[in-house]
Amino acid sequence: MSDGHRQAQAAIQTILRLTNLLMAGKRVAVIGDEPELAARLRAMGAQTLLVDPAAALRGHRVLAEDEAVALADLVVGATEAHLPLLRDGAILIPAVPPAGPSGTAEPYGTDGEPPAVPPAGPFGTGEPYGTDGESPAGPSGTGGVFAGLPGVRVRDGITGYRLGSGREVFVLDMSC
């Protein structure tokens, strides 16, 4: 099994554990080059929305990036530029983390201890919650996108953010 397949499976297991959602019928925008993840999500019944025209040959729906993000229930690999486009209730999922030493997407070092600095992701780094119990700028892996927005911890690994005009999005902390 290749690293791409292991990473995709680890990401899907984390998504399912954190959200408790069924993928069947969900519209999932996969931003970036994650063919294994998109293929597994499609096999689970999700309607996959990709930007790459070649993805149509593999059964994925191909749209412009902005249109895919606006339609999606789940967005893998979103950036700050996508925030105004997200629909109410959308779930943002950071890109698949790099494989750990055991070949899994575990954030731990070879000694089994967590790293001194949280793993970097497409959204930057940060602590999930402040030492005083207050939410910081964003959960681990999301500080850059949501800097300055107060987040509300929905449950372990999920933080909700109000984007104005009654829209709320949720961000998964994939390091959980």
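Residues numbered from 1 in each chain as written. Predicted model: local features only at pLDDT ≥ 70, side-chain atom pairs only at ≥ 80, totals over all residues. Heavy atoms only, no water.

**Q** Residues and numbers for unusual backbone geometry, please.
**A** In this structure, Asn 20 takes a positive phi of about 60° despite not being glycine. Locating Asn 20 in the fold gives a position in the loop between helix H1 (3-19) and strand E1 (27-30). (Helix = DSSP H or I, 4+ residues; strand = E, 2+ residues; numbered from the N terminus.)

**Q** Any details on the packing of H1 against helix H2 (residues 35-43)? Residues and values, ideally.
**A** The N-to-C vectors of H1 and H2 enclose an angle of 50°; their axes lie 8 Å apart at closest approach. With respect to their mutual orientation, H1 and H2 come out oblique. Helix-helix and strand crossings are classified by hand; for H1 and H2 the assignment is right-handed. Residue-level contacts link Gly 4, His 5, Ala 8, Gln 9, Ala 11 and Ile 12 of H1 to Glu 36, Leu 37, Arg 40 and Leu 41 of H2. Split by residue class, the contact of H1 with H2 holds 5 nonpolar, 3 polar and 2 charged. (Axes fitted to C-alpha atoms, helices over the stretch in contact; angles between N-to-C directions. Parallel < 35°, antiparallel > 145°, perpendicular 65-115°, else oblique. Left-handed = near helix turned anticlockwise from the far one by under 90°. Contact = heavy atoms within 4.5 Å. Nonpolar A, V, L, I, M, F, W, Y, C, P; charged D, E, K, R; others polar.)

**Q** Talk me through the pairing of strand E6 (residues 151-155); I want residue IDs and the actual numbers.
**A** As judged from the 4 bridges shared by E6 and strand E7 (residues 158-164), these two strands associate in the antiparallel manner. Looking at E7, one finds that Val 152 is bridged to Gly 160. Linking two consecutive strands that pair antiparallel, namely E6 and E7, is a turn of 2 residues; a positive phi of about 85° is found at Gly 157 within it. (Pairing = 2+ DSSP bridges.)

**Q** How would you summarise the pairing of E1 if you had to cite specific residues and measurements?
**A** The sheet contact formed by E1 and strand E2 (residues 47-50) spans 3 bridges and is parallel. Within E2, the residue paired with Val 28 across the bridge is Thr 48. Running through H2, the crossover from E1 to the neighbouring parallel element E2 is right-handed. Bridge count between E1 and strand E4 (residues 74-76): 3 bridges; the pairing is parallel. Bridged to Val 28 within E4 is Leu 74. (Right-handed = clockwise from strand over helix to strand, strands pointing away.)

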